[in-house]
Amino acid sequence: MIYEGKKRIWSEYQKEIPEDNYFYVRSCIRQNFFPASEKTFLDIVRNRLGKDFFETQHHTTCGGIAYHSDAIPQETVMTIIARQFALMTEAGYKNYACSCITSFGLYTETMETWKLFPELEAKIREILWKTCHKEFRIPENLAHASDIIYKFRNMIAEKAAYRLVNVKTGKPLRVVEHIGCHYAKMFPSRGVGGAEYPYVLAGMIESWGGEVIDYPERRHCCGFGFRQYLVKANRGYSLSNTHKKFESMAPFKPDMIITNCPGCPYFMDRWQYVISELEGKTYGENGYGIPVFTYEEVAGLVLGYDPWDLGLQMHQVAVEPLLDKMGIKYDPAKKYLGENGKYIGKPQMPRFIKCC
Amino acid sequence: MGKLYEKLMQDYRFKEGMKACINCGTCTAICPAAEFYKYDPRSIVDMVQSRDEEAIEKLLKSETIWYCGECMSCVTRCPRKNAPGLIVMALRSLSIDEGYFIHSEKGRQQYVINKEMYSNILNYGYCVYPRTFKYEDHPEYGTTGQWIEQNLDEIHKRVGSNLDGDGPGILRKIPDEDLMQLRNIFEQTGAFKRMDTLKRLSKERADSLGLTEEEYSEQIFNTISEGHFN
Ligand code: SF4
Ligand code: SF4
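Draft legend 1. A look at helix 11 (residues 200-207) of chain A. Residues and elements named next belong to chain A. Summarising burial for helix 11: seven of the eight residues are buried, a large majority. Three or more residues of helix 11 are buried, namely Val200, Leu201, Ala202, Gly203, Met204, Ile205 and Ser207. With its phi angle positive at about 100°, glycine 209 sits one or two positions after the end of helix 11.

Laid out in structure tokens, this is it:
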């Protein structure tokens, strides 16, 4: 009952997500490790849902990883952000959509800090003019790209080619959802459902036929930790945190994991491989790992995109067990091909974790 | 008010994150770093709120402030609306800018972090860039990562990236005029100054150890001494 009551309280954190007309900015990490996810996102919103998403080649990193690894001062990151806002202003947009969770947290923090300290906003405006000859308006609305897929989740469900249902048993797939820490831990009201009961991914899972798993370490960080991953000597931190999450979720036998931060799926995918190499331990069924996805990839699978067009061959943990459960048709022979079907060789097989 | 506390008070993150701490320990209970490292955000906040200059200087020279992962899990839970994660960010900035970072093993790592970040941002416009993200430095990238590195252009083309290409798109080449503006921003906002401090003190230390810049970087990137862990 307490749980239901809390869920009700947090369900009041329903942010406003505009229908249309967004200025879209990319994520460094997503472009590096899950590039097809951004392609899929834009294809879904533009071509399947008919929305206007504008992109300019002139936007850059927001500087978030450098800022959170303490490499650049706060004024540096704020001016880079102000520059991105200026690009939005020049393009005539008011709604800002970003692909990265670190960026999303940082944009939110910056706008909140400027509200509290208007003199700082004035200073950043001055620096931006001096350095870039640009002026900006603060976005009227800030959305993370997962908010947008969440908003249109039921429309996606209506167009679904596949559902998050095990075609052999007819039962909903059991799904772990992992929310990037910077989505709502600092400013709960800026995320769908707040920080304790975020609903942004749970809403997608429910709408597409799956069942959300609640497990003890559900809200624990994936372990990125910025400098704790960037420096080799510190990576035990990152690995240990992922390990803690997997140990906690394993008894619940998840079929898949879905994430909204670009970094988390990388760590949860790759550290499973490392755990298997170090300890011979795997968390999925029959020697496989638990496949980890971005929300764009899952939306793409539901809508019937080809798994290799979605870039799922760039994962370390094999996705095929999940594709089979969903009844998705795919050609295993095409998994590792390059452009125009060119043969480019295959990755080596890991020692323990099974790959297809 | 002491000199260091006064400097902290100028940091907006400190102004936002430091209210009265009641020492409840909730932040430490939720903190992923506290489980892994000998780390206790509660005692950091408490030490800082004492305004004891000597204690703050000791903290700035310590390993402790470098253990946080900046996940901000503590911010959600603190009953007094403190933000230990933001306080740590302010402490780290001060430690670097005052040169105290050189006294701790974890602090000294900042030099390699800055080198990598500045080079990626200023040369390419990205914090992470695929041609500088090397399997050799990241064996956890896995066998798939190795395969991606060996076939980088082909795989990115296959999945629809515009790697180093003109116009918008995934991993496009960011135009020089934009990179120049980033450089101007770094100059105006003290980022280059921060790098200069890191470079100067790291060089002094490398010289004193008889190491080249490359050997020194290698050492701080890879070394883990005993005593950090719980
Ligand atoms: S949770 Fe807040 S009040 Fe409690 S010890 Fe941490 S900083 Fe202090
Ligand atoms: S931000 Fe730092 S102090 Fe706060 S919970 Fe995360 S690791 Fe711990």
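Draft legend 2. Local environment of the domain arrangement of chain B. Residues and elements named next belong to chain B. For chain B, the assigned domains read domain 1 (3-100) and domain 2 (107-222). Between domain 1 and domain 2, the C-alpha centre-to-centre distance is 28 Å. Taken together, the contacts link five residues of domain 1 with six residues of domain 2. Buried area between domain 1 and domain 2, both sides added, is near 550 Å², and the carbon and sulfur share of it is 57%. When the area that domain 1 buries against domain 2 is broken down by residue, the three leading residues are Trp66, Ile96 and Asp97, summing to 74%. Remark: the boundary between domain 1 and domain 2 carries one salt bridge.

Draft legend 3. Quick look at the site of ligand 1. Residues in close proximity to ligand 1 total 13 residues, the closest being Cys21, Cys24, Gly25, Cys27 and Cys78 of chain B. Among the residues making up the shell around ligand 1, the classes are represented as seven nonpolar, four polar and two charged.

Draft legend 4. Expanded view of helix 8 (residues 84-97) of chain B. Residues and elements named next belong to chain B. In this model, helix 8 (14 residues) spans 20 Å end to end at C-alpha, consistent with the 20 Å of a helix rising 1.5 Å per residue. Of all 14 residues that make up helix 8, 13 are buried, and the element is covered over most of its length. In the segment just after helix 8, glycine 99 is the residue with positive phi, at about 85°.

Draft legend 5. Geometry of the sheet that holds strand 2 (residues 53-54) of chain A. Residues and elements named next belong to chain A. Overall, parallel pairing links the four strands, which are arranged 2-1-3-4 in an open sheet. Looking at which strands have only one partner, the edges of the open sheet turn out to be strand 2 and strand 4 (141-144). Two strands pair when backbone bridges link them, and strand 3 (residues 95-98) and strand 4 are joined in this way by four bridges, in the parallel orientation. Along strand 4, the bridge assignment pairs asparagine 95 with asparagine 141.

Draft legend 6. Structural detail: the pattern of salt bridges. Residue and element names in this part refer to chain A. Inspection of every chain in the model, using the stated rule, returns 41 salt bridges over all chains. Note that glutamate 320 is salt-bridged to lysine 335, the shortest N-O span being 3.0 Å. Here the residue glutamate 320 occupies a position in helix 16 (residues 320-326), and lysine 335 occupies one in the segment after helix 16, the gap between them amounting to 15 residues. Judged by relative accessible area, which is 4%, glutamate 320 ranks as buried.

Draft legend 7. Looking closely at the domain arrangement of chain A. All names here are of chain A. We note that the domain assignment places domain 1 (22-145) and domain 2 (160-329) within chain A. For domain 1 and domain 2, the distance between their C-alpha centroids amounts to 26 Å. Every contact between the two is made by 31 residues of domain 1 and, on the other side, 29 residues of domain 2. Taken together, the two surfaces of domain 1 and domain 2 that pack against each other cover about 2,600 Å², and 70% of this comes from carbon and sulfur. Area buried by domain 1 at its contact with domain 2 is led by Arg30, Phe34 and Ile101, which between them contribute 23% of it. Taking the shortest distance from any N to any O, the salt bridge between glutamate 112 and arginine 190 comes out at 2.6 Å. Scanning the region where domain 1 abuts domain 2 turns up five residue pairs in polar contact (both at pLDDT 80 or more). Put simply, the parts of the chain that give the side of domain 1 that touches domain 2 at least two residues each are helix 2 (28-33), helix 3 (35-48), helix 4 (64-68) and helix 6 (101-116).

Draft legend 8. Seen up close, a negative patch on the surface. All names here are of chain B. A cluster of acidic residues, Glu136, Asp137, Glu149, Glu214, Glu215 and Glu218, forms a negative patch at the surface. Residue contributions to the negative patch peak at three residues, all from helix 15 (residues 213-222). Note that glutamate 136 resides in the loop between helix 10 (110-124) and helix 11 (142-150). In this structure glutamate 136 comes out as exposed when scored by relative accessible area, which is 64%.

Draft legend 9. Summary view of the pairing of strand 1 (residues 22-25) of chain A. Residues and elements named next belong to chain A. Burial of strand 1 is two-sided: the residues Tyr22 and Tyr24 facing one way and the residues Phe23 and Val25 facing the other way are all buried. Examined bridge by bridge, strand 1 and strand 2 share two bridges and lie parallel to one another. The residue of strand 2 that forms the bridge with tyrosine 22 is phenylalanine 53. With four bridges connecting them, strand 1 and strand 3 associate as parallel partners. For phenylalanine 23, the partnering residue across the bridge sits in strand 3 and is tyrosine 96.

Draft legend 10. Structural context of the site of ligand 2. Residue and element names in this part refer to chain B. Close contacts around ligand 2 come from 14 residues, with Cys31, Cys68, Cys71, Met72 and Cys74 the closest. Of all the secondary-structure elements, those providing two or more residues to the shell around ligand 2 are helix 4 (32-36) and helix 7 (73-77). Per-class residue counts for the shell around ligand 2 are 10 nonpolar, three polar and one charged.

Draft legend 11. Broad picture of the environment of isoleucine 185 of chain B. As for its placement among the helices and strands, isoleucine 185 of chain B is situated in helix 13 (residues 176-188). Sequence-distant contacts of isoleucine 185 of chain B, defined by excluding residues within four places in its chain, comprise Thr76, Thr79, Ile80, Arg83, Thr131 and Cys132 of chain A.

Draft legend 12. Just the interface of chain A and chain B, in detail. Each side of the interface is counted separately: chain A has 94 residues, and chain B has 88 residues. Carbon and sulfur atoms make up 58% of the area that chain A and chain B hide from each other, which totals about 7,800 Å². Counting the surface chain A buries against chain B, the share from its top three residues, Asp70, Arg227 and Tyr237 of chain A, is 9%. Where chain A meets chain B, there are seven salt bridges. A salt bridge links arginine 158 of chain B to aspartate 309 of chain A; the shortest N-O distance between them is 3.0 Å. Seen at the junction of chain A and chain B, the total is 49 residue pairs in polar contact (both at pLDDT 80 or more).

About the criteria used
- Residues numbered from 1 in each chain as written.
- Chains lettered and ligands numbered in written order.
- Predicted model: local features only at pLDDT ≥ 70, side-chain atom pairs only at ≥ 80, totals over all residues.
- Heavy atoms only, no water.
- Buried < 20%, exposed > 50% of the residue type's maximum accessible area, 1.4 Å probe, protein only.
- Helix = DSSP H or I, 4+ residues; strand = E, 2+ residues; numbered from the N terminus.
- Domains from an automatic or database assignment.
- Contact = heavy atoms within 4.5 Å.
- Buried area = accessible area lost by both parts, 1.4 Å probe.
- Salt bridge = Lys/Arg side-chain N within 4 Å of Asp/Glu carboxyl O.
- Near = heavy atom within 4 Å.
- Nonpolar A, V, L, I, M, F, W, Y, C, P; charged D, E, K, R; others polar.
- Expected span 1.5 Å × (residues − 1).
- Pairing = 2+ DSSP bridges.
- Polar contact = N/O pair within 3.5 Å; in protein donor to acceptor, adjacent residues only side chain to side chain.
- Patch = residues over 30% accessible without salt bridge, like charges linked within 9 Å, V, L, I, M, F, W, Y side chains within 5 Å.
- Areas by Shrake-Rupley, 256 points an atom, 1.4 Å probe, with all protein chains shown as cover.
- Lys, Arg positive; Asp, Glu negative; His and termini not counted.
- Charge placed at Lys NZ, Arg CZ, Asp CG, Glu CD.

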